[in-house]
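Examination of the molecular architecture
Here is how the chains run, residue by residue.
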Amino acid sequence: MEENKNETQNLEENRREIKTFVIRSGHFSQAEKRDYSELLPIWGVEFSNEKLNFESLFGNQNPVKIEIGFGMGKATAIIAENTPDVNYLGLEVHKPGIGKLLGEIRARNLKNVRIVAHDAIEVLTKMVDDKTVDAFHIFFPDPWPKKRHHKRRLVQRPRTDLLAQKLKTGGYVYFVTDWLPYAEFALEELSKTAGLKNKFEHFAPHQEWRPETRFEQKGLDANRAITEIMFEKI
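Quick summary incoming for the structure in this document. (Residues numbered from 1 in each chain as written. Predicted model: local features only at pLDDT ≥ 70, side-chain atom pairs only at ≥ 80, totals over all residues. Heavy atoms only, no water.)

What to know about unusual backbone geometry
Using the following cut-off: Here a strand is any run of E in DSSP of at least two residues, a helix any run of H or I of at least four, and the numbering for each starts at the N terminus. For the exposure calls, accessible area comes from a 1.4 Å probe over protein chains only, and a residue counts as buried if that area is under 20% of its type's maximum, exposed if over 50%, partly exposed in between.
Cis peptide bonds are those with omega within 30 degrees of zero, and the linkage from R157 to P158 qualifies with 5°. Mapping P158 onto the fold places it in the loop between β4 (133–139) and α7 (159–166). Unlike most non-glycine residues, K131 shows phi in positive territory, near 60°. Residue F140 is not a glycine yet carries a positive backbone phi of 55°. For F140, a relative accessible area of 12% gives the class buried.

Here it is, written out as structure tokens:
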């Protein structure tokens, strides 16, 4: 029993120590700064060591889907607007993107989006109960193409074990990238993750409900294929 406890603690320490992101400098417009300052206290959730109560947070019992690294938030806002009966929790550290999505929440009058401006792995470990999440959306995360940086990739074990741990039975992980080597790597890692099963024989077909983003268009303009993967919790 003590051995299993120590193993769990070691896994959590490894997740925390190696960051899957770096905070890069970028243009932070005055509108984004204003919205970040004014609106994060309204739709933001402070990081803490206490588990979230999704029903209290959103005021309903609707399904909860978590997007890890929503970038500038365009896809998040569109998906949330199109599915008002689903709640979305966005996890992001990029302040301009957070400000942008907050502005979209206000402009579209979205009631079903909340944001935690903190490291996703720490949020999932500390704030999210097991078997409470209906889906994870991971769209165009940093591919960390250099071999020495592969350890930073989000979609790999033991991080995928953490995702599986938080998913409800029947929930899914939906991963999209424009970097084929990362897609192949992620497919292998997800296939090795206990409790997850590929919904398709290999890569997934394009999901029509996912809107195209400017970042995705940049990948297409550079002649990089868009690859999608979807695994279910069994």
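Details of the side chain of K233
Note the threshold: The contact criterion used is simple: two residues touch if any of their non-hydrogen atoms lie within 4.5 Å.
Mapped onto the fold, K233 is located in strand β7 (residues 227–233). The contact partners of K233, leaving out residues within four places of it in the chain, are K131, A164, Q165, L167, K168, T169, G170, G171, G195 and L196.

Structural notes on the pattern of salt bridges
In plain terms, the rule: Counted as salt bridges are all cases of a side-chain nitrogen of Lys or Arg within 4 Å of a carboxyl oxygen of Asp or Glu.
A complete count under the given rule lists 11 salt bridges for this structure. Ionic pairing is found between D130 and K166, a salt bridge with its closest N-O pair at 2.8 Å. Of the two residues, D130 is situated in the loop between α6 (120–127) and β4 and K166 in helix α7; the sequence distance between them amounts to 36 residues. On the accessibility criterion, D130 (40% relative accessible area) is partly exposed. Residue classification places K166 among the buried positions, given a relative accessible area of 3%. Connected via shared salt-bridge partners are R34, D35 and R106.

Structural notes on the sheet that holds β4
Worth spelling out the cut-off: Here, strands pair whenever DSSP counts at least two bridges between them. For helices, the fitted axis covers only the stretch in contact; all axes are lines through C-alpha atoms, and the angles between them, taken along N-to-C directions, range from 0 to 180 degrees.
One open sheet accounts for 7 strands, arranged β3-β2-β1-β4-β5-β7-β6; its pairing is mixed. At either end of the open sheet lies a strand with only one pairing partner, and these are β3 (113–116) and β6 (196–198). For this sheet, the mean inter-axis angle between neighbouring strands, taken without regard to orientation, is 20°. With 3 bridges connecting them, strand β1 (residues 64–68) and β4 associate as parallel partners.

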